[in-house]
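Observations on chain architecture
Each chain, letter by letter, is given below.
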There are 2 protein chains.
Amino acid sequence: MTLQEPIAEPLTARDPRLAPWRAFLLAHARVARRLDEELRVEHDVSFAEYDALLTIAQAPGRRIRMGLLAEEVLLSKSGVTRLIDRLVSDGHVERSACLADARGAEAVLTERGLERLRAASNSHLRGISEHFLSVLDAEDLTSIERAMSAVARQAGPGRSDPGNCVTDVPEQSVDVAR
Amino acid sequence: MTLQEPIAEPLTARDPRLAPWRAFLLAHARVARRLDEELRVEHDVSFAEYDALLTIAQAPGRRIRMGLLAEEVLLSKSGVTRLIDRLVSDGHVERSACLADARGAEAVLTERGLERLRAASNSHLRGISEHFLSVLDAEDLTSIERAMSAVARQAGPGRSDPGNCVTDVPEQSVDVAR
DNA sequence: GCTGTGTAGTTGACGTAGCAACTATAACGG
DNA sequence: CCGTTATAGTTGCTACGTCAACTACACAGC
């Protein structure tokens, strides 16, 4: 189909195409660990918590439904329940009943949560620069984005109902970076 | 250093260079989840267990020191202890005292473990093809390998003593794929 | 050879995530 | 309206992984 047949041969354990795959796994493991560690040490926030805070901050009104949050941060429903539990007890988030749907709950970012996010985003973005972007040139970045998007699309959504593949992020102005 | 200055500006939350980063995270999360799920459903083995079995199988004599295994599979020492505990109770691995160092222990692959690995490697390699390689052409692969290796190198080893960056894998003939 | 320091691996306590079961509400059909 | 079915979140149980403390041995240097 492309230069070489995409699936064709069963692929053996020493196929050279496994090298990029292994590099991909290794790179992710190392970078994720480092960023998580940095966030914890410098801001007492885990990577998952940071991701949740950021997602809530970017949502309209700085509030988001639990289910939607679960999709955004790639966690199960119960995982999100517990993550929000922690953020609530830290005072970073408040639970709020959903007006439109009495079953629903929303996570609302508190002022404290926003401050924490702003502070953490500084070092986190620096970490991304340092551990990821710094060794990649513009060409790498376009290539990676295209390839990784294709992979993500191919692998499909991570969990829950397949009928709800929300691709559009709210994209509100937050700019926690500055 | 490259085409654009490596770190330069502080990087804001809406920098376009974050898109590849996000795609990278998403791709990893989805593919890793899928592969793990497939291994569990089809062969009752987790991704981590598979990785350990494979690493042991590739080591000389199909046995490996615990510490070395920890580095290879990107786990803490205690993580490996427990992983091997599980594999031992499944009958896939045996613990063996180390002749050269009485403190040490080795994990030895059993016949059963090797069979399991062979079976699992079939579907696992198929999964890698399907969820990762199938959407990438040869050019993508070289690009990804180079970029990801650079990232992994930059982020440094995941844990433990920095003085022991073993890059050379034993590379014994095993070919569990066929 | 004994003592002090370093290293290999295990264990205990804990944190986090997942699945399945459950509760409460919504939404639909008659 | 009322029963049926679907959906949103939470909870119990369990699996897995980490750190810190611990045990046992190795390897100096005297």
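Residues numbered from 1 in each chain as written. Chains lettered and ligands numbered in written order. Predicted model: local features only at pLDDT ≥ 70, side-chain atom pairs only at ≥ 80, totals over all residues.

**So, the environment of Leu75 of chain A**
All names here are of chain A. Inspection of the secondary structure assignment puts Leu75 in the loop between helix H3 (66-72) and helix H4 (77-89). It is 9.1 Å that separates the C-alpha atoms of Leu75 and Ala48, two residues lying 27 residues apart in sequence. Apart from residues no more than four positions distant in its own chain, Leu75 is found in contact with Ala70, Val80 and Leu83. (Helix = DSSP H or I, 4+ residues; strand = E, 2+ residues; numbered from the N terminus. Contact = placed C-beta atoms within 7 Å.)

**A few points about the protein's contact with DNA strand C**
Every one of the 23 residues lining DNA strand C counts as a neighbour, but Ser76, Gly79 and Ala102 of chain A together with Gly67 and Ser78 of chain B are closest to it. Where the surface near DNA strand C is concerned, the elements lending two or more residues are H4 of chain A together with helix H3 (66-72) and helix H4 (77-89) of chain B. With 5 residues, H4 of chain A is the single largest residue contributor to the surface near DNA strand C. In terms of residue class, the surface near DNA strand C is built from 6 nonpolar, 8 polar and 9 charged. (Near = placed C-beta within 6 Å. Nonpolar A, V, L, I, M, F, W, Y, C, P; charged D, E, K, R; others polar.)

**So, the protein's contact with DNA strand D**
Within the structure, DNA strand D sits among 22 residues, and Gly67 and Ser78 of chain A together with Ser78, Gly79 and Ala102 of chain B are positioned closest to it. Among the elements that make up the surface near DNA strand D, the one with the highest residue count is H4 of chain B (5 residues). Grouping the constituent residues of the surface near DNA strand D by class yields 6 nonpolar, 8 polar and 8 charged.

**Notes on the sheet that holds strand E1 (residues 63-65) of chain B**
Residues and elements named next belong to chain B. Across the sheet, 3 strands lie side by side as E1-E3-E2; this open sheet has antiparallel pairing. The open sheet has two free edges, formed respectively by E1 and strand E2 (93-97), since each of these has just one partner strand. The average undirected angle you get between the axes of adjacent strands in this sheet is 30°. Bridge analysis of E2 against strand E3 (residues 105-109) gives 5 bridges, and the strand direction is antiparallel. Residue pairing across strands places Arg95 opposite Ala107, the latter belonging to E3. (Pairing = 2+ DSSP bridges. Axes fitted to C-alpha atoms, helices over the stretch in contact; angles between N-to-C directions.)

**Some thoughts on helix H6 (residues 138-155) of chain B**
Given a rise of 1.5 Å per residue, 18 residues ought to cover 26 Å, and the 26 Å separating the end C-alpha atoms of H6 of chain B matches this to within 8%. For H6 of chain B, the set of buried residues is Asp140, Leu141, Ser143, Ile144, Ala147, Met148, Val151, Ala152 and Ala155 of chain B. Down the axis, H6 of chain B shows its buried residues gathered within 165° of arc, on one side only. Exposed residues on H6 of chain B whose side chains face more than 90 degrees from its buried face are Ala138 and Glu139 of chain B. Tucked into the core, H6 of chain B has its buried residues touching helix H1 (18-43), helix H5 (111-131) and helix H6 (138-155) of chain A. Of the residues trailing H6 of chain B, Gly156 of chain B is marked for its positive phi of about 70°. (Expected span 1.5 Å × (residues − 1). Buried ≥ 20, exposed ≤ 12 C-beta atoms within 10 Å, placed from the backbone. Arc of directions from axis to C-beta.)

Purely spatial values, then, with no claim about function.
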